[in-house]
Amino acid sequence: MTDFRGQRPIQQLVLKVHSRCDLACDHCYVYEHADQSWRGRPVVIAEETLGQVARRLAEYAVESELESVAVILHGGEPLLAGPARLRNMCAELTRVLAPVTTLDLRIHTNGVQLNKRHLEVFREFGVKVGISLDGDRVANDRHRLDRRGRSSYDRVLRAIGLLRLPEYRDLFQGLLCTVDVANDPVAVHDALTALEPPRVDYLLPHSTWDSPPPGHGTGTPYADWLLKVFDRWEEQGRPMPVRTFDSVLSTLRGGPSLTEALGLAPSDLAVIETDGTFEQADSLKTAYEGAPATGYDVFRHGFAEFAEHPGVRARQLGIAGVSETCRRCPVVTSCGGGLYAHRYSGERGFDNPSVFCSDLRGLVEGIAERITERALHPAVADTGSLKLAQLELNRTLLARLNTELSGHPDWAETWDLLVELDSDAATAPHLDTVLAHPYLRTVLLRALEGHADLARLAATASAAAVLAEREATRTWWQQDRDLYLPTLGTLRLSAPGRVECAITADGLKVTGRDQDGGELHVEWRPLKSLKPTGGPTLLIDDADPYRDGYPAPAAAPLNPSDLALFTKRLRAAYDAPDAHEPSPRPGPDVSLCTTITPLAAGTGLLPGTDTPGALGVAVDFEPEELARELPLLLRRSRLAALRQVADLNVPGTGAGRLLDEASDAIGRATVSADRAARTEELLRAGHTLDRIGALPDAQLTESGVHLAEELRREWVTLHG
């Protein structure tokens, strides 16, 4: 969840529960790098401090209306706190946070101490366990020895073996591996995948320009190493997610970054040390003594104050927060300037590219070349095929999510209902209607980032059952009073609680009890639709909790009179001459837009981000303006949607930017009523099309060539 200013609330807390470690890893950022503040911290977090952390986070979750928060128990080595202390910590965090938000508890450990007593505690509270392992025995023992210089390998494998037992398998979150280019990349990857972890992540060794990594300045050793792993992962059929690769793959397709180490997504992370002090990302300990410090602590400050700290805000600025060198780089959306700590130098602070700059570019470009589909995609030539491809993308994301949530008791019933609806030819089209809703994409992507909204997913399946008139019953805990059924409307509950959503021959019936056992009362607010003359039906969605994917705030749900006025203006815009009728002027199919979301007054007309088929329209828009600008808005939406399903060019070549510029110039020429402005835009478009024509053949795929030829035909029609 990112607000319209690009500011992301804090949703992940790394909570240091023990400040010492039983290993002596020589690449550890806590003990082996510039910041040595651990020496003055309490060994174990005090009960009073933990309680204050929980209260502060609960207050912030309520103030920021957070649907979920993740708390990662960390160290040092958190298992050194012992099973009894860890149980008390989990119990206190659950007691305070569970009533106000969904609590996602995790622990990151070296695994050396892990035993069944720990795992019984983790099973009781649903704590997911991530383990650090650097590959096979040779690779792991290169750095990860204990304080007596002994191997940790067998003890870590024993811990992973426990997590692979049926009773604990659902607690196994994955493996974290620090890259050392001296190790055999394929041997490392094969050793990790042989353990069948749910996911793997590869981390570059923490380094700065003042303390560069081994091999720095001689080619791209880290890119070469990771690309060998990528090739092996591809050969294996991608048996589990690899976060580094998945993030690059996502951003190359126009999606979000999946890790702070890559991409431009704003950081949502806080760290609290054993003494209750707020710190920024732990990786900053690599830079200099005191680099992560904020001067804040949980006894005098809250999470909202921490979120406004200049250091935190610096990691939420997106493209504006990277160096000038990075801003000029064609792969910046995938690389994002690299991990913030890796940019540091004593001379320029963090105003540098990453010390791994060449490697990151090599990795992104190497993956881009490997995954670029050069064949012509039917979505480029046909609106129906584009819509189908977008639907299939959502289905693919949903299948991936099912793999990640497999075994979760609150997910199994939802998945079973989705499969049942999909298996029947009579109900599958209704499921498709709900799966094609623009804002589902955001729900799925956030879930794959680790923020699964199980209530929303259950409501999605229920909405499809309602449309299909298929009898079904689903129950779940509804954290919010507003139970939104996509494409249908909102059930306003008298309080949060356990709801039962029953679909019968008589329709939908929702009942439930609040946390005190009281009966829930329900009010129904349907969404409004509009059927313009000769055009497709439009859904006016002013209620979806995930409708905030615009660079401007969404309007609050409209009252009946405002909604009626908004609908009237929409009809006037769509019924205006040339708004939907065939026209001699070229332009995208108006049926690309299925959903209109009202935005705050004065914010204008905006296509959504990762929301194919949705447009944001200010509540005070003028019908004439929307009728005039609609072709340009649809053009931008279409190009964004195409990029999510088809390769138009090899990312990182600059060809994509030229396609954008040519399409936008033609779009502005199409809608311009001023002859001089129209002529100028056509000149700009013609010049850009000439530059596209001069590109090396390898930079555009067949889909990109088709689009360039389409743009040229449009230009000829307009130019004469």
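Placed above this text is the structure.
Counting restarts for each chain: residues are numbered from 1 in the order of the written sequence. In keeping with the model being predicted, local features are shown solely for residues with a pLDDT of at least 70 and side-chain atom pairs are shown and tallied solely at 80 or more, while totals for entire chains, interfaces and linings include all residues. No hydrogens and no water enter the side-chain calculation; it runs on all heavy atoms of the structure.

So, the pairing of strand 3 (residues 102-109)
Remark: exposure states derive from per-residue accessible area (1.4 Å probe, protein chains only) relative to the maximum for the residue type, with buried under 20%, exposed over 50%, and partly exposed in between. Helix and strand labels come from DSSP, where a helix needs a run of H or I of at least four residues and a strand needs a run of E of at least two; each type is numbered from the N terminus. The element strand 3 is extensively covered by neighbouring structure, given that 6 of its 8 residues are classed as buried. Across 6 bridges, the pairing between strand 2 (residues 68-74) and strand 3 is parallel. The partner of Leu73 across the bridge, within strand 3, is Ile107. Whether a crossover is right-handed comes down to one check: with the strands pointing away from the viewer, does the path from the first strand over the helix to the second run clockwise; if it does, it is right-handed. Following the chain from strand 2 across helix 2 (residues 83-97) to the adjacent parallel strand 3, one finds a crossover that is right-handed. Any two strands are treated as partners once DSSP identifies two or more bridges connecting them. In terms of strand pairing, strand 3 meets strand 4 (residues 128-132) through 4 bridges, oriented parallel.

Details of the pattern of salt bridges
Every case where a carboxyl oxygen of Asp or Glu lies within 4 Å of a side-chain nitrogen of Lys or Arg is listed as a salt bridge. With the rule as written, the count across this model stands at 48 salt bridges. Across the salt bridge formed by Glu234 and Arg238, the nearest N and O atoms sit 2.5 Å from each other. Exposure remark for Glu234: the relative accessible area of 31% places this residue in the partly exposed category. Glu324 serves as the salt-bridge partner of Arg328, at 3.6 Å between the closest nitrogen and oxygen. On the basis of relative accessible area, Arg328 is assigned to the exposed category, the value being 59%. Here Glu324 falls in the partly exposed class, since its relative accessible area comes to 41%.

Considerations on the sheet that holds strand 12 (residues 489-493)
The strand order across the open sheet formed by 3 strands is 11-12-15, and the pairing between neighbours is antiparallel. One side of each edge strand has no neighbouring strand; the edge strands of this open sheet are strand 11 (482-485) and strand 15 (522-526). Here the strands of the sheet are splayed against their neighbours by 20 degrees on average, with no regard to which way each runs. In this structure, strand 11 lies alongside strand 12, joined through 4 bridges in antiparallel fashion. Each axis is a line fitted through C-alpha atoms, taken for helices only over the stretch in contact, and angles between the N-to-C directions span 0 to 180 degrees.

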